[in-house]
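Understanding the architecture of this molecule
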Amino acid sequence: MKEKTTSKTTYQLPIGPIHPALKEPVMFEFEIDGERIVDVDVSLGHVHRAIEWTGMRRNSIQIIYLAERICGICSISHPMAFIRAVENAVDIEVPERAEYLRVIQCELERICSHILWAGVAAHEIGFDTVLFLTWQMREKVLDLTEYLTGNRITKAILTIGGVRRDITKDHHPKIFETLNYLKDNFDKLRHIFLDDKTFQLRSQGCGILRYEDALKLCAVGPTTRASGVKKDVRVDQSYAAYGDLDIKHITPDLLTGQVNGDVYDRIIVRLLEIKQSVELIEKAIDQMPSGDLVSEPKILKILATIKKTNGEGVGRAEAPRGEVIHYVKFNGESEHPYTWKVRAPTYNNILPWIPMLKGEQIADIPIVAASTDPCISCTNRVAVIDGNNNYELNKEELHRLSVEKTRRLMK
Amino acid sequence: MAKGLSKSFKKALWVYHCNSGSCNGCDIEIIAALCPRYDLERFGIKLVGTPRHADVLLITGPVTKQMEDKVKRVYEQMPDPKAVICVGNCGNTGDVFYESYNLVGPVSNVLPVDVHVIGCPPRPEAIIMGVAKAWVKLETLEAKK
Ligand code: SF4
């Protein structure tokens, strides 16, 4: 990733893995020339918990709860992608009502996550008042989440073939109250983030990711949409009930008429997405048909079907940070998956840091990095071990292993 | 308020938060405890940027192999008297990750944990309770001196 420069004028600045500006363990090595960043290297792996390896020793129902704990913030998106992969492999038809309920949960999570991000971004540029303001809003959404699912963070609401809890008429007043509260406060948020001088100064023209780079580096989610790339699994694949809900790509030109791909644009995209999510929830509640919650209420029956399945499935979902992909393969012998592979959005969004950060000042590192909403715990699951627990694998070796694995899977 | 705590606090409690490989669930609940709804700061409890200023170490996550020495180093940098609060099931027992090959945790394998806060993630109220308990420990240590 990085070429060693020998020039004397630059020096190296390591940041992390434990550093007050970082919320999660990750390590950067910056090559600095005065105040300017010449080069960046990222080293990952501090949060590696061997989730995929563990998952291959559990059955699919247990994995839902493991997938939930890949990341506490995307605790719907990961299970969602996993469940869809299993449903894809086993051919399970999900009842329509469940699809709508899934949309509602996914969008609630997106609102929570984006508001959380807005607070963190404000904190990164030293605007702590806004952090508190946004997190106060977030508590309202968490209250609703708790009311609907029973939990604030890890919701355990999805299951293979449907969802575990219904939303009934009794729930409606509280839901609408919260949504109205969000709508009332949306303009306030928008005013703070988009009209405030400080925010504009710090975010406009900073951390630019050009359209071509976003495409080339496969950025996903709001990071790529802010650069004008129209990429959103909800629209492109219209999974769950998104197909019925008339949803569009959100790009910054909807508001400003132009795309710059800077931090400011990423703020715009996320704010607009909060609004979009509120509307989606309203629509989903309005259009939700009646019907079953799960295709098969008996978990053991589902597991028995999975045991007989010999096949693979891919599940994609749009997490708040971008596209998450889960792949599972069952070999028809056990209820544990033969392979489980997760690709979290931050994986794609880390490489764009390099073009974003090059040429910026050291002080811009936190806000630029935060602008992609990185989630390190999502990213660190992959490390290859050999018999001696040796983690050191270089790129060629990794590539070779990867090719081998592809061949193995194709057999 | 927790039993054993003097009515007027002798000093404000400064907390350092260290993530040893958690899923973020506990971390956001810790921040939530500091934010307006629960507002830990009204007791003078605040997050600080370096372990050298901290009285209490809030640790989340099951301690991955890569983080083991870093966590120890953070602990050693804290001045005495100090207390360690382990927040979340995965730091306390391993939780869903218990059989993973890359853990040295639970945290009590690495550091002397004073307060265990259970939950995955625990509610902010539980975290506040944990901090109050650590406070009691620190005041007792202080009184012994
Ligand atoms: S206890 Fe649960 S919520 Fe907290 S960090 Fe561990 S897995 Fe995440």
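Calculation rules
Residues numbered from 1 in each chain as written. Chains lettered and ligands numbered in written order. Predicted model: local features only at pLDDT ≥ 70, side-chain atom pairs only at ≥ 80, totals over all residues. Heavy atoms only, no water. Helix = DSSP H or I, 4+ residues; strand = E, 2+ residues; numbered from the N terminus. Buried < 20%, exposed > 50% of the residue type's maximum accessible area, 1.4 Å probe, protein only. Contact = heavy atoms within 4.5 Å. Areas by Shrake-Rupley, 256 points an atom, 1.4 Å probe, with all protein chains shown as cover. Axes fitted to C-alpha atoms, helices over the stretch in contact; angles between N-to-C directions. Parallel < 35°, antiparallel > 145°, perpendicular 65-115°, else oblique. Nonpolar A, V, L, I, M, F, W, Y, C, P; charged D, E, K, R; others polar. Pairing = 2+ DSSP bridges. Core = buried A, V, L, I, M, F, W, Y, C linked by side-chain atoms within 4.5 Å. Near = heavy atom within 4 Å. pLDDT = per-residue confidence, 0-100. Salt bridge = Lys/Arg side-chain N within 4 Å of Asp/Glu carboxyl O. Buried area = accessible area lost by both parts, 1.4 Å probe. Phe/Tyr/Trp six-rings, centres within 6.5 Å; stacked < 30°, edge-to-face > 60°.

As for the overall build of chain A
Tallying secondary structure elements over chain A gives 18 helices and eight strands in all. The buried share of chain A, reckoned over its 411 residues, is 55%. Sequence-distant contacts in chain A: of pairs separated by 6 or more residues, those separated by 24 or more amount to 69%. Accessible surface, chain A: about 17,000 Å² in total, of which carbon and sulfur atoms supply 50%.

A look at the packing of helix α3 (residues 77–90) of chain A against helix α4 (residues 96–124) of chain A
Residues and elements named next belong to chain A. Contact geometry for α3 and α4: axes closest at 10 Å, N-to-C directions at 150 degrees. Put simply, α3 runs roughly antiparallel to α4. On the side of α3, the interface is formed by Ser77, Met80, Ile83, Arg84 and Glu87, while α4 contributes Arg102, Cys106 and Glu109. In terms of residue class, the contact of α3 with α4 is made up of three nonpolar, one polar and four charged.

Looking at the environment of A:Glu107
Residue and element names in this part refer to chain A. One can find Glu107 in helix α4. Of the residues examined, Glu107 reaches a relative accessible area of 0% and is grouped as buried. In this structure, the C-alpha to C-alpha distance between Glu107 and Ile18, residues 89 residues apart in sequence, is 32 Å. Ignoring anything within four residues of it in the chain, the contact list for Glu107 reads Arg234, Tyr242, Ser277, Leu280 and Ile281.

Concerning the sheet that holds strand β3 (residues 56–60) of chain B
All names here are of chain B. What the five strands build is an open sheet, ordered β2-β1-β3-β4-β5; its pairing is parallel. The open sheet has two edge strands with one neighbour each: β2 (46–47) and β5 (115–117). As defined by bridge partners, β3 adjoins strand β4 (residues 83–87) across five bridges and the pair is classed as parallel. Residue pairing in the sheet places Leu58 in a bridge with Ile85 of β4. Packed on one face of the sheet, helix α1 (residues 25–34) meets β1 (14–19), β2, β3 and β4 and runs near 140 degrees to β3.

Concerning the nonpolar core
A:Phe30, A:Phe193 and A:Trp340 are the most contacted members of the largest nonpolar core, which totals 123 residues. Counting residues per element, this core draws most heavily on α4(A), which supplies 16 residues. Leave out the neighbours within four places in its chain, and A:Trp340 touches A:Ile51, A:Glu52, A:Gly55, A:Met56, A:Ile63, A:Leu66, A:Ala67, A:Ile70, A:Phe82, A:His326, A:Tyr327 and A:Val328. B:Ile30, B:Val115, B:Val131 and B:Trp135 belong to the second-largest nonpolar core, a separate cluster that totals 22 residues.

Quick look at the site of the ligand
Taken together, 13 residues surround the ligand, and among them B:Cys23, B:Cys26, B:Asn89, B:Cys90 and B:Cys120 come closest. The site occupied by the ligand is bordered by residues of chains A and B. Elements with a contribution of two residues or more to the shell around the ligand: α1 and α3 (89–92) of chain B.

Looking at the confidence of the model for chain B
Mean pLDDT for chain B: 84, with 92% of residues reaching 70 or above. The ipTM value of the predicted complex is 0.86, and its pTM value is 0.86.

Observations concerning the pattern of salt bridges
Taken as a whole and judged by the stated rule, the model has 28 salt bridges over all chains. The salt bridge involving A:Lys155 is made with A:Glu109; its shortest N-O contact spans 3.7 Å. Residue A:Lys155 is located in the loop between α5 (128–149) and β4 (158–159), and its partner A:Glu109 is located in helix α4; the two are separated by 46 residues in the primary sequence. For A:Lys155, a relative accessible area of 8% corresponds to the buried category. Residue classification places A:Glu109 among the buried positions, given a relative accessible area of 2%. In this structure, B:Arg123 engages B:Glu125 in a salt bridge whose closest nitrogen and oxygen atoms are separated by 3.2 Å. Classification of B:Arg123 by relative accessible area gives partly exposed; the value is 32%. On the accessibility criterion, B:Glu125 (39% relative accessible area) is partly exposed.

Overview of the interface of chain B and chain A
At the interface, 39 residues of chain B touch 42 residues of chain A. Buried surface at the junction of chain B and chain A, summed over both partners, amounts to about 3,400 Å²; 62% is from carbon and sulfur atoms. It is B:Ile28, B:Arg37 and B:Tyr101 that lose the most area in chain B upon contact with chain A, and together they represent 20% of the buried surface on that side. Here chain B is connected to chain A by six salt bridges. A:Glu146 is the salt-bridge partner of B:Arg123, the closest N and O atoms lying 2.5 Å from each other. Taken together, the elements giving at least two residues each to the side of chain B that touches chain A come down to β1, α1 and α2 (68–77) of chain B. If one sorts the elements of the side of chain B that touches chain A by residue count, α1(B) sits on top with six residues. In terms of residue class, the side of chain B that touches chain A is made up of 21 nonpolar, ten polar and eight charged.

Structural notes on the packing of aromatic side chains
Here the distance between the centres and the angle between the planes together describe a pair of aromatic rings. Residue and element names in this part refer to chain A. Under the criterion given, the structure shown has four aromatic pairs over all chains. Ring geometry for Phe82 and Trp340: centres 5.5 Å apart, planes at 65 degrees, overall edge-to-face. Separated by 258 residues along the polypeptide, Phe82 in helix α3 and Trp340 in strand β8 (residues 339–343) bring together distant segments of the chain. For the pair shown, Phe82 and Trp340 are each scored as buried.

Things to note about unusual backbone geometry
In this structure, the amide linkage connecting B:Asp80 to the following residue, B:Pro81, adopts the cis form with an omega of -10 degrees. With respect to the secondary-structure elements, B:Pro81 resides in the loop between α2 and β4. Between B:Cys120 and the following residue, B:Pro121, the backbone shows a cis peptide bond with an omega angle of -10 degrees. Looking at the secondary structure, you find B:Pro121 in the loop between β5 and α4 (124–144). The phi torsion at A:Ser238 lies on the positive side, around 35 degrees, for a residue other than glycine. Inspection of the secondary structure puts A:Ser238 in the loop between α10 (233–236) and α11 (253–256).

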